[in-house]
Amino acid sequence: LLCELSAQDKLPAILFHFDEKGCEELAFNILKQLELAEKEKRDNDPEYQAKKKTAMMRRETYEKDLKRKRDKKVTTAPDDEPELEEQIPSFFDWEAHDPNFTFVNQKGRVTSEEFEEITKFLRDKPKDNYKLLLAALERGIGIHHTDLPRKYLSAVEILFRRRYLQVVIATGTLALGINMPCKTTVFVGDSISLTALQYRQMSGRSGRRGFDPLGHVVFFGLTHTKIVRLLMSRLPKLSRHFPLTTTLTLRSFNFLN
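Quick caveat: nothing in here was measured; it's all calculated off a predicted structure.

Engineer: What should I look at first to understand the nonpolar core in this one?
Structural biologist: If you look at soluble globular proteins, the nonpolar side chains tend to sit buried side by side. I141 and Y152 are the most contacted members of the largest nonpolar core, which totals 55 residues. In this structure Y152 touches F121, L122, L133, L137, G142 and I143, once residues within four positions along its chain are discounted.

So this is what it looks like as structure tokens:
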């Protein structure tokens, strides 16, 4: 589904799923599929393998030469002589993600240095879950629900608004109060929490004025009956409620004097 949306230029997208654990499982499953597909392609790509082998040999040769030069300086150079900085040559980065296997917006307004700074707190945490969250962000996938650390949620919001992330999987936390416009809203799976009012609020994330001229809504894993009900149901009427109590009435008399 996400690959189809990407091919149709309908990303970024917010995928709404009402189970917190389900959001994480969905994100990590997408991450795993991307990693496996990338590995399979590279394992069967002779050009990539040749570039990787050449780069590894060049790096190994460079590191040996650098060590030899440093050892020579230690034995011959005076202690007070400043050490000259040597420019590191560029090598083919065989560990860099293939853009075809990420949902990172290559035109996003985030440099690699900014991304490192925004996600620095995740790198400082040794927990496996944090490593998965970071790996997902590096692939352009974010998660948003109330049980995640505040710093991580802020990072997801920043990266999404700056068009770096193109996929965010969230519960109802993004339905109200957070400005995260997108091109497509996807409802993944049914839930008793998915009412007509919630549907209107969540679908309103896509096609926001000033950002995208057209919004798209996709239903995934919902019955036809539920979809029709969401689309056709009337919204509850909003009416003001002014509680008239004895205390309020007595206090109102004070303003008459």
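Engineer: How should I be thinking about the pattern of salt bridges in this particular structure?
Structural biologist: If the charged atoms of two oppositely charged side chains come close together, the side chains can form a pair. Tallying each qualifying case throughout the model produces 13 salt bridges. One salt bridge in this structure joins D45 and K41, with 3.8 Å as the shortest N-O distance. Residue class for K41 comes out partly exposed when judged on its relative accessible area of 36%. With its nearest N and O atoms 3.7 Å apart, the salt bridge here joins K51 to E47. Placement of both K51 and E47 in helix 3 (residues 46-76) is noted, with a separation of 4 residues, approximately one turn of the helix. One salt-bridge network, in which partners are shared between bridges, spans E38, R42 and R139.

Engineer: How should I be thinking about a nonpolar patch on the surface in this particular structure?
Structural biologist: Taken together, the side chains of V228, L231 and M232 present a nonpolar region at the surface, about 290 Å² in accessible area. Looking at the secondary structure, you find M232 in helix 9 (residues 224-232). For M232, a relative accessible area of 65% gives the class exposed.

Engineer: Sorry, what's going on with the packing of helix 2 (residues 20-43) against helix 6 (residues 128-138) here?
Structural biologist: Angle between the axes and distance between the axes: these two values describe a pair of packed helices. Relative orientation of the contacting elements helix 2 and helix 6 amounts to 60 degrees, with a least axis distance of 10 Å. What the angle tells us is that helix 2 and helix 6 run oblique. Where helix 2 crosses over helix 6, the two elements pack in a sense that is left-handed. Here E24, F28 and L31 of helix 2 lie close against helix 6, whose contacting residues are N129, L132, L133, A135 and A136.

Engineer: I tried to follow the sheet that holds strand 2 (residues 141-144) on my own but got confused; where do I start?
Structural biologist: Hydrogen bonds along the backbone pair up the strands of a sheet, which may run parallel or antiparallel. Across the sheet, which stays open at both edges, the 5 strands sit in the order 2-3-1-4-5 with parallel pairing between neighbours. Taken across any chain shown, the strands that pair with only one partner, and hence form the sheet edges, are strand 2 and strand 5 (216-220). Strand-to-strand, the axes of this sheet are offset by a mean angle of 20 degrees, without reference to chain direction. In this sheet, strand 4 (residues 184-188) lies alongside strand 1 (residues 13-16) in parallel orientation, the contact comprising 4 bridges. From the neighbouring strand, F16 faces strand 4, where its bridge partner is F187. Of the strands in this sheet, strand 1, strand 2 and strand 3 (167-170) are in contact with helix 7 (residues 150-161), which crosses strand 2 at around 130 degrees.

Engineer: What's the story with the pairing of strand 1 in this structure? I'm lost.
Structural biologist: Working note: regular strand, side chains alternate between the two faces of the sheet. The two faces of strand 1 match: A13 and L15 on one face and I14 and F16 on the other face are all buried. Judged from the 4 bridges that link them, strand 1 and strand 3 form a sheet pairing that is parallel. Considered in strand 3, the bridge of I14 is made with V168.

Engineer: In this structure, what is going on with helix 7? I would like to understand it.
Structural biologist: One turn of the α-helix equals 3.6 residues, which is why residues spaced by three or four share an orientation. Between its first and last C-alpha atoms helix 7 spans 16 Å; for 12 residues at 1.5 Å apiece the expected length is 16 Å, and the two agree. Those residues of helix 7 hidden inside the fold are in contact with strand 1, helix 4 (112-118), helix 5 (120-123), helix 6, strand 2 and strand 3. Immediately beyond the C-terminal end of helix 7, within one or two residues, lies R163, with a positive phi of roughly 65 degrees.

Engineer: Could you clarify how one ought to interpret helix 9 in this entry?
Structural biologist: Those residues of helix 9 lying buried are K226, I227 and L230. Looking straight down helix 9, one finds its buried side chains confined to an arc of 100 degrees; they lie on one side. Of the exposed residues in helix 9, the ones pointing more than 90 degrees away from its buried face are H224, T225 and M232. The secondary structure elements touched by the buried residues of helix 9 are helix 8 (196-203) and strand 5.

Engineer: Is there a simple way to explain the environment of V156 in this structure?
Structural biologist: Along the chain, V156 falls in helix 7. Judged by relative accessible area, V156 falls into the buried class, the value being 0%. If sequence neighbours within four positions are ignored, V156 has contacts with L137, G142, I143, H144, L165, V168 and M180.

The rules behind these values
- Residues numbered from 1 in each chain as written.
- Predicted model: local features only at pLDDT ≥ 70, side-chain atom pairs only at ≥ 80, totals over all residues.
- Heavy atoms only, no water.
- Core = buried A, V, L, I, M, F, W, Y, C linked by side-chain atoms within 4.5 Å.
- Buried < 20%, exposed > 50% of the residue type's maximum accessible area, 1.4 Å probe, protein only.
- Contact = heavy atoms within 4.5 Å.
- Salt bridge = Lys/Arg side-chain N within 4 Å of Asp/Glu carboxyl O.
- Helix = DSSP H or I, 4+ residues; strand = E, 2+ residues; numbered from the N terminus.
- Patch = residues over 30% accessible without salt bridge, like charges linked within 9 Å, V, L, I, M, F, W, Y side chains within 5 Å.
- Areas by Shrake-Rupley, 256 points an atom, 1.4 Å probe, with all protein chains shown as cover.
- Axes fitted to C-alpha atoms, helices over the stretch in contact; angles between N-to-C directions.
- Parallel < 35°, antiparallel > 145°, perpendicular 65-115°, else oblique.
- Left-handed = near helix turned anticlockwise from the far one by under 90°.
- Pairing = 2+ DSSP bridges.
- Expected span 1.5 Å × (residues − 1).
- Arc of directions from axis to C-beta.

Spatial relationships are all this shows, so hold off on functional conclusions.
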